[in-house]
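Chain residues, written in single-letter form:
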Amino acid sequence: MSRPDASLLRHRDALEVHWPSGQASHLHFLWLRDNCSCEECRVIQTSEKRFMISDVPVDIAPLAMSLDGDRLVLVWPDGHETVYTGTDIEALHAVGPGSWTPWDSKFFPARYPFRAFLEADSVASDAITEFLDKGAIILQQAPTQPGTLESLSPRLGPIREVLFARIHDVQVDPGGYNVAHTPNALPPHNDFASYSWPPSVQALHMLVNEAAGGESIIVDGWNVLSTLRECHPGHFRALCEQPVPFREFDDDNETFAVAPLVRCDADGTIVSLRFSNQLMQVLDPGAPGVGEFYRAYHALCGLLAANDVKARFRLGGGDILILAAHRVLHGREAFEAVGRRHLQDAYFELDNIRNHLVVLKRKGVYGSG
Ligand SMILES: [Fe+2]
Ligand SMILES: [Zn+2]
């Protein structure tokens, strides 16, 4: 088929534009009016939108329109003029959701020196790019002083505080409120499933690790869910639909949330796995769907336990494991409570990290990749 000439075709409530580049756009009249970028419709100082769509009739249509090369000009009934270029509109089509790479059976988190991550924009750019793709990185040679996680804020954004502590101490504690405070094995989980919005990033900082055992285990939860969706779509649906209660508490704190284990966005893309065997509470046995949920949950737990989806390694003093916590589950094997083992963890939010990369790119930092 030959390339159509640049042209405009008017439909009932939209415009079909065939740009000189050969691309075509279908643009709704309300969209065209709402996104006008003129000085009157924007706050120039901040680039924010000022125009409010309800100030024009819902059936607004341009009185006149013309396409001059790549430049589309519209005149509205009140005389307001709006200009678009095809180049700008094509750029909008190019913006897709963030991609991610599932781990293979040999996956091991990429490692970066702690100091360089903080001080060199190019190292931070590389590390954050890898983090967004794989959901796990390790910073090495960090100081082993308690509270070191505070110093990550220039890169990771402010600490996301939850109840119990700002920075959490994980060591054997007979008065501890969580199985993490015992030497027992910790099955893979993400923290604070008992919040409606659990922290989306977790940093685990090993201060000292002289105990025998206690190897760290991390699991690519989204990879597991993708497999489950492919092989057992009904199970996947049950996990998206069945609300499940989670609770974490002690004498002074109470956290409780009810939510399905899996959340997808409007396109069906998996955006979060909520999984904590230890915090999960009893489901109402009479609630509809409990049988389907339990069959699905059984399948999910089996997949999470499989060896080909997890990475196993030992964190040493000065290692900081950073996890995309809505994707990657973490756990550890049992250890002997003889040598010292002290880990601190704190939470951050993925939005802040993703947007720090945008700022780095705006500064012209592209890392080495
Ligand atoms: Fe944990
Ligand atoms: Zn305008």
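Scroll up for the structure.
Within each chain, residue numbers correspond to sequence positions counted from 1 in written order. Going through the entries in the order they are written, you letter the chains from A and number the ligands from 1. pLDDT decides what is reported in this predicted model: residues at 70 or higher carry local features, side-chain atom pairs at 80 or more are listed and counted, and totals for whole chains, interfaces and linings draw on all residues regardless. Hydrogens and water molecules were not included; the side-chain quantities draw on all heavy atoms of the structure.

Undergrad: Where do I start with the coordination of the zinc ion (ligand 2) in this structure?
TA: Around a metal, the ideal angle is 109.5 degrees if four donors adopt a tetrahedral arrangement and 90 or 180 degrees if six donors adopt an octahedral arrangement. Because water is not among the atoms used, a metal site may look incomplete, as its donors are only the N, O and S atoms within 2.8 Å, or 3.2 Å for Na, K and Ca. Protein-derived coordination of the zinc ion (ligand 2) comes from Cys 36 (SG), Cys 38 (SG), Cys 41 (SG) and His 80 (NE2), at a distance range of 2.1 to 2.3 Å. The coordination sphere of the zinc ion (ligand 2) comprises four donor atoms, whose angles at the metal cover 99 to 117°; the geometry is tetrahedral. One chain supplies every donor for the zinc ion (ligand 2), spaced along it as C-x1-C-x2-C-x38-H. With a gap of 44 residues between them, Cys 36 in the loop between α1 (29-34) and β4 (42-43) and His 80 in the loop between β7 (71-75) and β8 (81-85) connect regions that are remote in the sequence. A single burial state applies to Cys 36 and to His 80, both of which are buried. Every geometry call rests on angle ranges, with four donors termed tetrahedral when all angles are between 85 and 135 degrees, four termed square planar and six termed octahedral when opposite donors are over 155 degrees apart and all others are between 65 and 115, and everything else termed irregular. Secondary structure counts use DSSP, requiring at least four H or I residues in a row for a helix and at least two E residues in a row for a strand, with both numbered from the N terminus. Partly exposed residues are those whose accessible area sits between 20% and 50% of the maximum for their type, while under 20% is buried and over 50% is exposed, using a 1.4 Å probe and protein chains only.

Undergrad: Looking at this model, I keep getting lost on the packing of aromatic side chains. Mind explaining?
TA: Working definition: an aromatic ring pair is given by the centre-to-centre distance plus the angle between the planes. A pair of aromatic rings is counted whenever rings of Phe, Tyr or Trp (Trp by its six-membered ring) have centres within 6.5 Å, and the orientation is called stacked for planes under 30 degrees apart, edge-to-face for over 60 and tilted otherwise. For the structure on display, the rule yields twelve aromatic pairs. A ring pair is formed by Trp 31 and Tyr 84, whose centres lie 5.6 Å apart and whose planes are at 25°; its orientation type is stacked. Within this pair, whereas Trp 31 is found in helix α1, its partner Tyr 84 is found in strand β8, the two being separated by 53 residues in sequence. Between Tyr 294 and Tyr 297, the ring centres sit 6.1 Å apart and the planes meet at 90°, which makes this aromatic pair edge-to-face. You can see Tyr 294 and its partner Tyr 297 sitting in helix α8 (residues 290-305), three residues apart, about one turn around the helix. Ring pairing ties together the aromatic residues Phe 164, Tyr 177, Phe 192, Tyr 195 and Tyr 347, which thus form one cluster. The cationic tip of Arg 33 hangs over the ring face of Phe 51; the distance from NZ or CZ to the ring centre is 3.9 Å. A ring has a charge above it when a Lys NZ or an Arg CZ is no more than 6 Å from the ring centre and no more than 35 degrees off the ring normal.

Undergrad: When you look at the pairing of strand β20 (residues 320-324) in this model, what are you seeing that I'm missing?
TA: Counted residue by residue, β20 has five buried out of five residues, so it is predominantly covered. Neither face of β20 is left uncovered, since the one carrying Ile 320, Ile 322 and Ala 324 and the one carrying Leu 321 and Leu 323 both have all their residues buried. Alignment of strand β10 (residues 136-140) against β20, held across four bridges, turns out to be antiparallel. Across the sheet, Ala 136 pairs through a bridge with Leu 323, a residue of β20. For two strands to be treated as a pair, DSSP must find no fewer than two bridges joining them. Bridge count between strand β13 (residues 201-209) and β20: five bridges; the pairing is antiparallel. Directly across from Val 201, in β20, lies its bridge partner Ala 324.

Undergrad: What is the right way to look at unusual backbone geometry in this model?
TA: Leaving glycine aside, a negative phi is the common case for residues, and trans is the common case for peptide bonds. A positive phi angle, near 65°, is found at Ser 47, a position not held by glycine. With respect to the element layout, Ser 47 can be found in the loop between β4 and β5 (48-49). For Ser 47, a relative accessible area of 56% corresponds to the exposed category. Of note, Gln 141 is a non-glycine position whose phi angle comes to about 60°, a positive value. Within the secondary structure, Gln 141 is located in the loop between β10 and α5 (153-156). Of the residues examined, Gln 141 reaches a relative accessible area of 61% and is grouped as exposed.

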